[in-house]
Amino acid sequence: MPSSSPMTLPGVDLRPGKPPILYAEPRVGATSDAANWAAEHRDALRAVVAEHGSLLVRGLGLGGQAETEAVFRRLADGLMTEKESFASRRTYSEGVYSSSKWPPNQQMCMHHELSYTLTFPGLMMFACLTAPTAGGATALADAPTVLHALPSDLVERFLRDGWLLTRSYNDEIGASIADAFGTDDRGAVESYCRAAAIDFEWRPDGGLRTRQRRSAVVRHPVTGRACWFNQIAFLNEWTLAPEIREYLVDIYGPHGLPFNTRYGDGAPIGEGTVRLLNGVYQSHTVSEAWQAGDLMLVDNVRTAHSREPYEGLREVLVAMTDAVRLADCSPTVEVTTA
């Protein structure tokens, strides 16, 4: 089906404090209608995302997994299989997932999906099938803007040293080994870690600890703009609710937390620095409450996303596409694979 130009789309609503919103023309509601609309407007939708970093499409009325998957596949050249997830997800079909399982009353702070991997999605696709009764928005923040708002000395340190992600896998908290690597076979896990520049250590109890050093700032693979691209604040111990952090430290010890972040040289990141990072994100956050049937497209390198606490049921489907190699984004920290 031929693609339309961006000019054939209805006007995009660019109100301050909200992501760009496109109101799709009304339709009957059949699965083929939404999928065909997505295919017809694919290039135009992607052009808006390229210009603004994200787009919320309202009016398609997506109402089920099959319909949503059809739309995702019309918009993508192929869906990615997630590896190294930090929390478990439900898999609806190959490449189509639930949002990460995270306590509804806890903020899921700003991050770029899989920013600690060597290959990550360039485009995130979200679809809301059930909107919560309160909260739960997938909020957004522009990565170049966040980068320029951070103190220069802090940025220089992260440019020089990068950041370090440490993980301790167990069967109780966060993603399991099988969730993260798609297998619990030790040989397969070790092979993956070597290829992905991840240091690993098996614990006597069968658990796994890993460390990986990554760049905190990358350049967008298309525009070349410098972007604050990481999960330094989100996966840091000081972002956890105090009572949760105290509980985890008491159970697993200070070095056995399910995940934590440090400066790339191994030095701890202080609570004040984490608060500063989250504060800068908050100052540049845009948000729009989900409505059932909404579709959201997010440039994963240019735009960070979060999930606000919520009440009621919330069902948001997720898919990832446009795989990007870290090596193609001018990383400031060298990684060596086996």
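Right above here is the structure, for reference.
Residues numbered from 1 in each chain as written. Predicted model: local features only at pLDDT ≥ 70, side-chain atom pairs only at ≥ 80, totals over all residues. Heavy atoms only, no water.

Draft legend 1. Just the overall build of the chain, in detail. Across its full length, the chain carries 9 helices and 20 strands. Over its C-alpha trace the chain gives a radius of gyration of 20 Å, about what one expects of a compact globule, namely 20 Å for 338 residues. Buried positions account for 53% of the 338 residues belonging to the chain. Counted over contacts in the chain with a minimum sequence separation of 6, partners at least 24 positions apart contribute 79%. Accessible surface for the chain amounts to roughly 14,400 Å². Of this, 50% is attributable to carbon and sulfur atoms. Charge-centre separation for the chain: the mean point of 31 positive side chains lies 2 Å from the mean point of 41 negative side chains. (Helix = DSSP H or I, 4+ residues; strand = E, 2+ residues; numbered from the N terminus. Rg over C-alpha atoms; globule rule 2.2 N^0.38 Å. Buried < 20%, exposed > 50% of the residue type's maximum accessible area, 1.4 Å probe, protein only. Contact = heavy atoms within 4.5 Å. Areas by Shrake-Rupley, 256 points an atom, 1.4 Å probe, with all protein chains shown as cover. Lys, Arg positive; Asp, Glu negative; His and termini not counted. Charge placed at Lys NZ, Arg CZ, Asp CG, Glu CD.)

Draft legend 2. Quick peek at the layout of surface pockets. Taken as a whole, the largest pocket spans an internal volume of roughly 450 Å³. Residue lining of the largest pocket: 21 residues in total, with Trp102, Pro103, Leu240, Ile244 and Phe259 positioned closest to the centre. (1 Å grid on protein atoms, 1.4 Å probe; cavity = no way out; pocket = protein on both sides within 12 Å on 5 of 7 lines; lining within 4 Å. Points joined across faces, edges and corners; volume = space filled by probe spheres on them.)

Draft legend 3. Spatial organisation of the side chain of Glu113. Mapping Glu113 onto the fold places it in the loop between β6 (108–111) and β7 (119–130). A polar contact is formed between the side chain of Glu113 and the side chain of Arg89, at a distance of 2.7 Å. (Polar contact = N/O pair within 3.5 Å; in protein donor to acceptor, adjacent residues only side chain to side chain.)

Draft legend 4. The arrangement of empty space enclosed by the protein in detail. Applying the stated criterion across every chain, the model contains 2 cavities of 30 Å³ or more. Considering only enclosed or pocket space, the largest cavity measures out at about 130 Å³ in volume. As for the largest cavity, its lining consists of 15 residues, and the residues nearest its centre are Ser99, Ser100, Met108, Phe126 and His305. The set of elements that each furnish at least two residues to the lining of the largest cavity consists of β6, β18 (303–307) and β20 (315–325). At 3 residues, β18 tops the list of elements feeding residues into the lining of the largest cavity. Residue composition of the lining of the largest cavity, by class: 5 nonpolar, 6 polar and 4 charged. Within this model, the second largest cavity holds a volume of roughly 40 Å³. Of the residues that constitute the lining of the second largest cavity, the class distribution is 6 nonpolar, 2 polar and 1 charged. (Nonpolar A, V, L, I, M, F, W, Y, C, P; charged D, E, K, R; others polar.)

Draft legend 5. A look at the nonpolar core. One finds Phe120, Phe126, Phe158, Trp228 and Ile232 to be the most contacted residues of the largest nonpolar core, which totals 56 residues. Once residues lying within four places of it in the same chain are set aside, the contact partners of Phe120 are Met80, Glu113, Leu114, Phe229, Val301, Asp322, Ala323, Val324, Arg325, Leu326 and Cys329. Val71, Val96, Ala127 and Ala319 belong to the second largest nonpolar core, which has 29 residues in total. (Core = buried A, V, L, I, M, F, W, Y, C linked by side-chain atoms within 4.5 Å.)

Draft legend 6. Here's a closer look at the sheet that holds strand β12 (residues 208–214). Pairing within the open sheet is antiparallel, and its 4 strands lie in the order β11-β12-β10-β15. Either end of the sheet is taken by a strand with one partner, and the two such strands are β11 (199–202) and β15 (259–263). Each neighbouring strand pair of the sheet contributes to a mean axis angle of 15°, computed without reference to strand direction. Note that β11 and β12 share 4 bridges and pair antiparallel. (Pairing = 2+ DSSP bridges. Axes fitted to C-alpha atoms, helices over the stretch in contact; angles between N-to-C directions.)

Draft legend 7. Representation of unusual backbone geometry within the structure. Here Asp322, not a glycine, exhibits a phi torsion of approximately 55°, which is positive. Within the secondary structure layout, Asp322 lies in strand β20. Even without a glycine there, the phi angle at Ser330 is positive, about 50°. With respect to the helices and strands, Ser330 occurs in the segment after β20. Ser330 gets classed as partly exposed once you look at its relative accessible area, which sits at 43%.

Draft legend 8. Inspection of the packing of aromatic side chains at higher detail. In the structure shown here, the tally under the stated rule is 9 aromatic pairs. Look at Phe86 and Phe234: their rings are 5.1 Å apart centre to centre, the planes differ by 90°, and that puts the pair in the edge-to-face class. Of the two residues, Phe86 sits in the loop between α3 (65–75) and β4 (91–93) while Phe234 sits in the loop between β14 (226–228) and α8 (242–252), which places them 148 residues apart along the sequence. Like Phe234, Phe86 is buried. Between Phe158 and Trp228 the ring centres are 5.5 Å apart and the planes differ by 80°, which places this aromatic pair in the edge-to-face class. Placement of the pair is Phe158 in helix α5 (residues 152–161) and Trp228 in strand β14, with a sequence separation of 70 residues. (Phe/Tyr/Trp six-rings, centres within 6.5 Å; stacked < 30°, edge-to-face > 60°.)

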